[in-house]
Structure formats: C-alpha cells, structure tokens
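For reference, the chains in residue letters:
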Amino acid sequence: MQYKNIMISKPLKAAFIFSIVLFSTCKDDKNFEEKIVMNDTDNVLLQKWKGPYQGLPAFDKMTIADVKDAVETGMELGLKDIETILNNAEAATFENTIVPLEASANTLNHVFTYYGILSSNMSSPEFRNIQGELAPKLSDYNSKISQNEKLFQRVQAVYNASQNNPLPADQQRVVDLTYKGFEMNGANLNAEQKTRYAAINKELSSLYTDFSNNVLHDEENYVTYLNKNQLGGLSESFIKSAAKIAIDKGEDGTYAITNSRSSMDPFLTYSTERKLRKIVWTNYYSRGDNADDYDNNAIITAILKLRKERVGLMGYDNYAQWRLQDRMAKTPERAMDLMMAVWPAAIARVNEEVADMQTVANTSGDRLKIKPWDYRYYAEKVRQKKYDLDSDEVKQYLQLDKLTDAMFYVAGRLFNYKFTPVEEGKVPVFHEDVTVWEVTDKDSGKHIGLWYLDPYAREGKRSGAWATTYRSYTSYKGETNVLASNNSNFVKPAPGESVLVSWDDATTFFHEFGHALHFFSSNVKYPTLNSGVRDYTEFQSQLLERWLSTDEVINQFLVHHETGEPIPASLVEKIKKASTFNQGFETTEYLASALMDMKLHLADPTNIDIDKFERETLAELNMPNELPMRHRTPQFGHVFSGEGYATAYYGYMWADVLTSDASEAFKEAPGGFYDKAVADKLVKYLFAPRNSMDPAEAYRLFRGRDAQIEALMIDRGFPVPVK
Ligand SMILES: [Zn+2]
C-alpha cells in the first residue's frame, strides 16, 4: 500500500482543467500531421517525430530555447483545428465534429511531451521562468476552447442526437465524456460568467506553478550536512551516496541529507542522532511553510477561494461536489464514508504502535517520549524485535535490475508481453541514465511499444515516482504503438555497485510499472477513451504491487547482490508476517492527508487560515501527535500544484478497496496469482478498456459483484467491521 508521490499520465497536463479534449494523448494521424506539423521548422520541438517505431520524440535534440515558440505555435495550430471544425457548414455529426476534435492539437501534444520532460525530469530555473510565462497563456488557450460557444453547440448537437439514436458504444462513450467535459468546464455559462471563469483559471494556473516552484525551492535549499562523527546507524551505501551528493554540492568531506523523501526516510529510520533527526524531519515537513518568500499558505487560501468561486458559477455548493460527479465515488459523502470507516481502526493502531515503541525506548534506556522524528527509528527497532526483520537485510536481496526482470516476468505471465532491450543510440533519450526496451507479444511477435526507464534522482528532477506516456494506443486512424515511461528517484550508486532498494521502494517500482502495463494494454479506439477516472486508475497499478511477493518472483529474482543466493524462505516468511506492521502509521499519515484534502474543499474559504484549519481539523479527528500527515497542506502538490488530485487523494484508498478485493479473486483461483483464466479477465475487463466503459460495470464483469471493504481491512490487519 503506497501513497508515494505517485502520479500518472502527463503530470503537466493534469494542471489543465479541460484535459479530456485539449490534452488527449498523442496520436499518429498521418494526414493530419502533414497538414499541420511544420516539417521545415528549425524548432526541434515542432518537428514531426522521425525514425523507427512510428517516429520518436527527439529528446536528444530538445533545447529550452525552443520551448516558448513551440508552445505558442502549438496553441495557434490547435486553435486552427477548432476553426476548421467550426467552418464546416454541414450539421454536426460524430465524424465531422467529434473525430476532428479528438485529433486536434496534435502538434501541441507533441510539444507537451518535451515540456513534461523539461518540467519533471530535467527542470532548471531557466525552464521554470518560461513555465511561469506560459502558464497564463496556456490557460487562455484552454478557455478559448472549453468556452467556445459554437464548438459546444456542435458537441451538444451530437450529444442530443445520440440521446434518441444511440451511437456504437465506444463512440457514445466519447460523446458522453466530451459533452460532460464541456458542461463541467463552464460551457453553459453566460458571457459575463465565462469571462470571470476564464480569469479565474488563468489566475489559478499561475498559483499552481508558484506553489510547486516554492516546494521545489525548499527541497533544493534545505540540505543537512553531516560530519563524520554524525553517521551513527546509517548504512554504508547510504553514507557513500550522501558523500557523493555532498561532493556534487561542493561540500567535499561532508555528508549531504537532501530535503527529499528518498533521503529523509532512510535517515529518520536509521540515524541514532536524535537532534539531527529532528532537524531533517522539520526541514522536510516545513516545505512551503517557512514564512518566507516561498511560503505557500497564502497561495493555498487564494486557490481554495478561486476554486469555490469557479464551481459556484456553475451552481455547485463546493469544489468536491463538482469534482466527484464523474468519479467512481460520485459524491464527497461516499468518499468520506469510506475514509471514516477505516480511520478509527487506523488511529487505534497508531496508539498500539506508539506503546510498542515506547516500551522499546524504555527498555534500551532511551529516556524520551516518542516524537514524530522518532517514529520511523523506533518502528524499525520494533520491527526487528517483533518480526526479527531487518529492512537493511531485506535490501540485500532487492536489486533494481533484478526487480526490473521480475516485472518483465510478471508482464509475460499476465499480459503475454516480452521486453527486449533496445540497442543504445537507436532511440533518442534525454539523459544517459535512461534506458529503453521494446515491448512485443510473446507469441505473435507483434510490436506493442517502447518502455523508457529513468531510474535515478538528479537535481531538477521532481521527487517521487511516476509513469507517463509519450504516445498512447488508439485505432481510429490505424493502430498506434505505445511509448510509455517509468520514472523513479533511486539514489544512483557509486560506480560498480548494485542499486539496492527497500521493500517499499520495490513495491512502488512495481506500482508504476502497473501504470505502464495499463498504457500498453489499452485497446481503445479514440484518444479520449485513454483518459483515467482518478479513483480507478490507481487500482490497476496498486494491484500489480501484489505480484512482488508472489513465490515465482521471490524465488527467481530476489537474490543476494553479492552471493546470488535466493532470499531465504525464513526471511520471506518474516516479510509476509510483517506486512501488516506499521499499518497504523501508513494508513493514518495517508488518510490524514486525504481527509484534509476533502475537508479543505468542503469548508468555507472566505477567511480561512490554513495553518489553523490544519491544526483544528487534525484535533477534531483525534489525529495522534506522534506522526504528521504524509503531505502537510503547504507541500501537498497533488492537490495544489494542479487539479489532478484535488479532492481526489482519497482515490488511493478507494482504489485499494478494489485492489484487495480483486486480489482475493486471484487467491481463490486454482492457479493463484498466475491463474490463466483470472489473468485473462483481468486484462480484458480491468486493463484494456481503460475509460471506454464505466469502471463499476467493468469491475462487476471481472468479479461478478461490487467490491467489498472486508479484504482491505484484513490486508491491513485491522478488525473487520461487523455489518
Ligand atoms: Zn500510481
């Protein structure tokens, strides 16, 4: 169960409100491209994707200097596409309105592939300036389309006609989603309201950029440097990489603890230096909250007010109500009900965990009361004592390259995919660390796509792990291949060393690969049908995490990095036994953030003081003092650096109910997690259709019934509620 900084799809696109229509995935529309891509331009970002595999982004040639012109030209061409649709004198039909709308903004979509890399994988102050400059222009562009009355009338005409004469199922779904998208984005507003609506979005887009830049600033500028007497408890590999980071930062001879989760988490788990633990903890949980030029509190208030005003124009009481209507949960109440059904068990478990830790501290003569910067440290001690499980020992069997092979094995068994490394130089990459594999069908050899992996942390790369596509599958203009990527922040090893990762990080690695498989297995006809339903798209990836602990993976791929010996059965037994360990901490830190997200958007933002609201809400929830929210409000990028996860952070748990329940289907099957019949149903109903059918209906086709909460409670070691 992971609540990392995991995001799916193009992270930047999530910042755009009208993502379904404008930023649908890239297409390979030959005629269309000839018409609009300016092949003779010097601007690399605007050039047609060339080379093998149906054409590839020229990541090796992109430059920041080209970005502004490329985005502006892309927007111009996108608007021309819309004009062409509007200039059609014939009555609106699916073919003359919806299809060209699906195919529109092709150049801009291509440009945004580069833009996504430059903002998430290779960011720099220079790029961030350009981003800031472009944000309001992109917002204007969005508004010009989502608020285009004539365009909406044409879409509405197709929609209305389809109410009497339904279209084929996939076309009907595209029309429904498109129409709903317009409606939810203010297409029904009057002229005056539309002007205000556009102004709000413009302002919001700048605030989102400011918010994430502030967090990034605080991540880069609060580094804790240790001297050689302050390394107690830390592992050799951690010390080595901390020394290397210090050298890169010009602090030779010291050891750098950066202000990122991948540094903070292991440091707090192992360091014996309590005072330093407090400093590192405080830096991390104060990101965006330092009462300086980079403080996010005022920005959050402004965002909440503007969001509420915007949905108010359309007659909604609050942002959550507007947001959830096309989600699987449908209403904020249903989402809150689920969270509050689990919450009491989670905080009760925290109290037990703290009591266990206090006992360990007392017995070892540490005279202290457990504070938040002690939680990970003493939890690790309890883990070792209670489960005799040493995370560092487990790490010796978790090598990044073997885990990659393990994922390929799972993809082979469930999806019939084969992954073959692409020779270096054949596919352009944006950094030497990126490697590429070709994905084919194991039996037919049919080409499915390319998988790009960017594994290591670097300056300018955002924290966490995520998956994205550069091109998605569609078949409405001939079949396209899929270009998908996974991105992580593993600490790059010293030369010659294996990358050893924690069990948690291995789980996240599988998680992101689940998103990639979801992209690869798509069989939808139209781009819009690749879009995700936020509380559903985490389900597929969360489910894939389960294969990490299957016997087939354990026995073949979890081998010692030096001896090559498979992980001992006794250690595996301990890992399985310990799987419910620390669930109080994990569930509570996550749920506190998810509840805060929802409550912030249900509240009246008029005079809201974010700091006070956070404190009071946590108090009302009886939040234990010994741990913070996973993402404190001033650094909650999921919710405030765009709209992708706003009132949607609950979605991880919503999806996890499905995950636990779907896992049961495999556990009950004769072939277990590799049962052929269940795997076929998994691909057919839960992966391949993406958003081409209602998720609730897709789930019922897989399971024969709706998901139930019991399996989730059991998986977390919580008491099952009595009905
Ligand atoms: Zn995810």
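Residues numbered from 1 in each chain as written. Predicted model: local features only at pLDDT ≥ 70, side-chain atom pairs only at ≥ 80, totals over all residues. Heavy atoms only, no water.

Visitor: I'm lost on the overall build of the chain in this one. Help?
Guide: From N to C terminus, the chain includes 29 helices and 7 strands. Against the globule reference of 27 Å for 723 residues, the chain gives a C-alpha radius of gyration of 25 Å, in line with a compact fold. In the chain, the proportion of contacts linking residues at least 24 apart, taken out of those at least 6 apart, comes to 76%. Carbon and sulfur atoms make up 49% of the accessible area of the chain, which amounts to about 27,700 Å² in all. A distance of 2 Å separates the average location of the 82 positive side-chain charges in the chain from that of its 100 negative side-chain charges. (Helix = DSSP H or I, 4+ residues; strand = E, 2+ residues; numbered from the N terminus. Rg over C-alpha atoms; globule rule 2.2 N^0.38 Å. Contact = heavy atoms within 4.5 Å. Areas by Shrake-Rupley, 256 points an atom, 1.4 Å probe, with all protein chains shown as cover. Lys, Arg positive; Asp, Glu negative; His and termini not counted. Charge placed at Lys NZ, Arg CZ, Asp CG, Glu CD.)

Visitor: Mind showing me how you'd approach the packing of aromatic side chains here?
Guide: To describe a pair of aromatic rings, one takes the distance between the centres and the angle between the planes. Overall, the coordinates contain 47 aromatic pairs when judged by the stated rule. A centroid spacing of 5.0 Å and a plane angle of 90° characterise the contact between Phe636 and Tyr649, whose relative ring orientation is edge-to-face. Note that Phe636 is positioned in the loop between helix 24 (610-620) and helix 25 (637-640) and Tyr649 in the loop between helix 25 and helix 26 (651-668), a separation of 13 residues in sequence. The exposure class assigned to Phe636 is buried, which follows from its relative accessible area of 1%. For Tyr649, a relative accessible area of 0% corresponds to the buried category. Put simply, the rings of Phe408, Phe415, Tyr417, Phe419, Trp437, Trp451, Phe513, Phe520 and Phe687 touch in pairs and so form one group of aromatic residues. (Phe/Tyr/Trp six-rings, centres within 6.5 Å; stacked < 30°, edge-to-face > 60°. Buried < 20%, exposed > 50% of the residue type's maximum accessible area, 1.4 Å probe, protein only.)

Visitor: I keep staring at the sheet that holds strand 7 (residues 482-490) and nothing clicks. Help me out?
Guide: Within a sheet, each strand pairs with its neighbour through backbone hydrogen bonds, oriented either parallel or antiparallel. Pairing within the open sheet is mixed, and its 5 strands lie in the order 3-4-5-7-6. At either end of the open sheet lies a strand with only one pairing partner, and these are strand 3 (417-421) and strand 6 (466-471). Averaged over all pairs of adjacent strands, the angle between their axes in this sheet comes to 25°, without regard to strand direction. As paired elements, strand 5 (residues 447-456) and strand 7 share 7 bridges and run parallel to each other. Bridge assignment links Tyr452 to a residue of strand 7, and that residue is Ser485. (Pairing = 2+ DSSP bridges. Axes fitted to C-alpha atoms, helices over the stretch in contact; angles between N-to-C directions.)

Visitor: Just to check I follow, could you spell out the pattern of salt bridges for this structure?
Guide: Pairs can form between side chains of opposite charge once their charged atoms are near each other. Taken as a whole and assessed by the stated rule, the structure comprises 40 salt bridges. Its salt-bridge partner being Arg632, residue Glu614 comes within 2.8 Å of it at the nearest N-O pair. Of this pair, Glu614 sits in helix 24 while Arg632 sits in the loop between helix 24 and helix 25; the two residues are 18 residues apart in sequence, bridging distant segments of the chain. Considered together, Glu614 and Arg632 belong to a single accessibility category, that of buried residues. For Arg700, the salt bridge goes to Asp706, with nearest N and O atoms at 2.6 Å. The class for Arg700 is partly exposed, based on a relative accessible area of 37%. (Salt bridge = Lys/Arg side-chain N within 4 Å of Asp/Glu carboxyl O.)

Visitor: Mind showing me how you'd approach the nonpolar core here?
Guide: The nonpolar side chains of a soluble globular protein tend to be buried, and buried together. By size, the foremost hydrophobic cluster in this structure holds 149 residues, and its most contacted members are Trp451, Phe513 and Phe702. Here the element with the most residues in this core is helix 15 (residues 332-363); it accounts for 14 residues. Apart from the residues within four sequence positions on either side, Phe702 is in contact with Ala662, Ala665, Phe666, Val678, Lys681, Leu682, Tyr685 and Leu686. Core analysis: the second largest hydrophobic core is formed by 59 residues, Ile85, Leu138, Val174 and Tyr452 among them. (Core = buried A, V, L, I, M, F, W, Y, C linked by side-chain atoms within 4.5 Å.)

Visitor: Help me out: how do you make sense of the environment of Phe520 in this one?
Guide: Along the chain, Phe520 turns up in helix 19 (residues 503-520). On the basis of relative accessibility, which here comes to 3%, the residue Phe520 falls in the buried class. C-alpha separation for the pair Phe520 and Val482, spaced 38 residues apart in sequence, amounts to 5.9 Å. Beyond its immediate chain neighbours, meaning those up to four positions away, Phe520 contacts Tyr417, Val439, Ile448, Gly449, Leu450, Trp451, Val482 and Ala484.

Visitor: Explanation requested: the coordination of the zinc ion in the structure shown.
Guide: Think of it this way: four donors in a tetrahedron around the metal ideally sit 109.5 degrees apart, and six in an octahedron ideally sit 90 or 180 degrees apart. Bound to the zinc ion are the protein donor atoms His511 (NE2), His515 (NE2) and Glu538 (OE), situated 2.1 Å from the metal. Here the donor residues of the zinc ion share one chain and are spaced in sequence as H-x3-H-x22-E. Note that His511 is positioned in helix 19 and Glu538 in helix 20 (residues 534-545), a separation of 27 residues in sequence. Residue His511 is classed as buried on the basis of its relative accessible area of 0%. Its relative accessible area of 0% is what places Glu538 among the buried residues. (Donors = N, O, S within 2.8 Å, 3.2 Å for Na, K, Ca; no water.)

Visitor: I tried to follow the pairing of strand 5 on my own but got confused; where do I start?
Guide: Among the 10 residues in strand 5, 9 count as buried, and that is most of the element. In sequence, strand 4 (residues 435-441) turns back onto strand 5 through a hairpin of 5 residues, with Gly445 there showing a positive phi of about 75°.

Visitor: What exactly am I supposed to notice about helix 24 here?
Guide: One turn of an α-helix holds 3.6 residues; hence residues three or four places apart share an orientation. For helix 24, the full list of buried residues reads Ile610, Phe613, Glu614, Thr617 and Leu618. What you see down the axis of helix 24 is that its buried residues fit within an arc of 125°, all on one side. Away from its buried face, by an angle of more than 90 degrees, helix 24 presents the exposed residues Arg615, Ala619 and Glu620. On its buried face, helix 24 sits against helix 13 (297-313) and helix 23 (583-602). N-capping of helix 24 is provided by Asp609, with a side-chain oxygen placed 3.2 Å from the backbone N of Asp611. Phi turns positive, to about 60°, at Asn622, one or two residues after helix 24. (Arc of directions from axis to C-beta. Polar contact = N/O pair within 3.5 Å; in protein donor to acceptor, adjacent residues only side chain to side chain.)

Visitor: What is the right way to look at the side chain of Thr41 in this model?
Guide: Its place among the elements puts Thr41 in the loop between helix 2 (30-36) and helix 3 (67-86). At 2.9 Å, the side chain of Thr41 forms a polar contact with the backbone nitrogen of Asn43.

Visitor: It is not clear to me how the pairing of strand 7 should be interpreted in this structure. Could you clarify?
Guide: Note on strand geometry: in a regular strand, side chains alternate between the two faces of the sheet. The buried count for strand 7 comes to 9 of 9 residues, which makes it a mostly enclosed element. The alternating pattern of strand 7 places Val482, Ala484, Asn486, Ser488 and Phe490 on one face and Leu483, Ser485, Asn487 and Asn489 on the opposite face, and all of these are buried. The sheet contact formed by strand 6 and strand 7 spans 5 bridges and is antiparallel. Within the sheet, the bridge partner assigned to Thr469 lies in strand 7 and is Ala484.

Visitor: Looking at this model, I keep getting lost on the confidence of the model for the chain. Mind explaining?
Guide: Low-pLDDT portions of the prediction should not be read for the details of their coordinates. Of the residues in the chain, 94% have a pLDDT of 70 or more, and the chain-wide mean is 92. The model gives residues 1-37 a pLDDT under 50, and that stretch makes 157 contacts with residues more than four places away or in other chains. (pLDDT = per-residue confidence, 0-100.)

Visitor: Teacher, can you tell me more about unusual backbone geometry here?
Guide: The bulk of non-glycine residues show a negative phi, and the bulk of peptide bonds are trans. Of note, Gln54 is a non-glycine position whose phi angle comes to about 65°, a positive value. Here Gln54 shows up in the loop between helix 2 and helix 3. For Arg690, which is not glycine, the phi dihedral falls at a positive 45°. The topology assignment puts Arg690 in the loop between helix 27 (676-687) and helix 28 (695-703).

Visitor: Please clarify how the side chain of His631 should be interpreted in this entry.
Guide: Inspection of the secondary structure assignment puts His631 in the loop between helix 24 and helix 25. Judged by relative accessible area, which is 2%, His631 ranks as buried. A polar side-chain atom of His631 sits 3.0 Å from a polar atom in the side chain of Tyr649.

Visitor: Explanation requested: the environment of Asp604 in the structure shown.
Guide: With respect to the helices and strands, Asp604 occurs in the loop between helix 23 and helix 24. What makes Asp604 exposed here is its relative accessible area of 51%. The spacing of Asp604 and Lys308 is 296 residues in sequence and 8.5 Å in space, taken between C-alpha atoms. A polar side-chain atom of Asp604 sits 2.4 Å from a polar atom in the side chain of Thr606.

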